[in-house]
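# Understanding the architecture of this molecule
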Amino acid sequence: MQGTYVAPFTAWIVFAMVVAYNGAILSLAFYLQSHHPEVWSSFNSDWFPGSSQFSYRFVRTGFYAVFQSKYQRLHDERVRLHVLAIRVLLVATIIGIVFLKWFGYWGQQSKL
């Protein structure tokens, strides 16, 4: 009899961190769009054909938060906190994935 695959609890935690990471980027994107339109408009590009402008801007917002320090020029505490949350969630997710792989949970199937 075949059992149902159930991911280990730690895998669900990593999944939740990935969802929170993407949600934090989305929240920063909407905040930049409404409060700092000059930054948001700088993320626009016709260089990336075949995709919606928002998806391209979403990716650019993620890179902006993780790899750049230009946000400090805005002198906006909320942007700083968004960037901090995104960076912490990214590091925590990477550590979680390494933990799952290191301890053998990645790819292991448990039966219910």
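Residues numbered from 1 in each chain as written. Predicted model: local features only at pLDDT ≥ 70, side-chain atom pairs only at ≥ 80, totals over all residues. Heavy atoms only, no water.

Our next topic: a nonpolar patch on the surface. On the surface, Ile 94, Val 98, Phe 99, Trp 102 and Phe 103 cluster together into a nonpolar patch covering about 570 Å² of accessible area. Locating Val 98 in the fold gives a position in helix α4 (residues 77–102). (Patch = residues over 30% accessible without salt bridge, like charges linked within 9 Å, V, L, I, M, F, W, Y side chains within 5 Å. Areas by Shrake-Rupley, 256 points an atom, 1.4 Å probe, with all protein chains shown as cover. Salt bridge = Lys/Arg side-chain N within 4 Å of Asp/Glu carboxyl O. Helix = DSSP H or I, 4+ residues; strand = E, 2+ residues; numbered from the N terminus.)

In this section: the packing of aromatic side chains. Describing an aromatic ring pair means giving the distance of the ring centres and the angle of the ring planes. Overall, the coordinates contain two aromatic pairs when judged by the stated rule. Considering the side-chain rings of Trp 12 and Phe 15, the 6.0 Å spacing of their centres and the 90° angle between planes classify their relative orientation as edge-to-face. Taken together, the residues Trp 12 and Phe 15, both in helix α1 (residues 9–35) and three residues apart, mark about one turn of the helix. Classification of Phe 15 as partly exposed rests on a relative accessible area of 49%. (Phe/Tyr/Trp six-rings, centres within 6.5 Å; stacked < 30°, edge-to-face > 60°. Buried < 20%, exposed > 50% of the residue type's maximum accessible area, 1.4 Å probe, protein only.)

In this structure, Leu 28, Leu 32, Tyr 64, Val 79 and Ile 86 are the most contacted members of the largest nonpolar core, which totals 19 residues. Elements supplying a minimum of two residues to this core: α1, α2 (37–42), α3 (53–67) and α4. It is α1 that contributes the most residues to this core, seven residues altogether. Excluding residues that lie within four positions of it along the chain, Ile 86 makes contacts with Tyr 21, Ala 24, Ile 25, Leu 28, Ala 65 and Val 66. (Core = buried A, V, L, I, M, F, W, Y, C linked by side-chain atoms within 4.5 Å. Contact = heavy atoms within 4.5 Å.)

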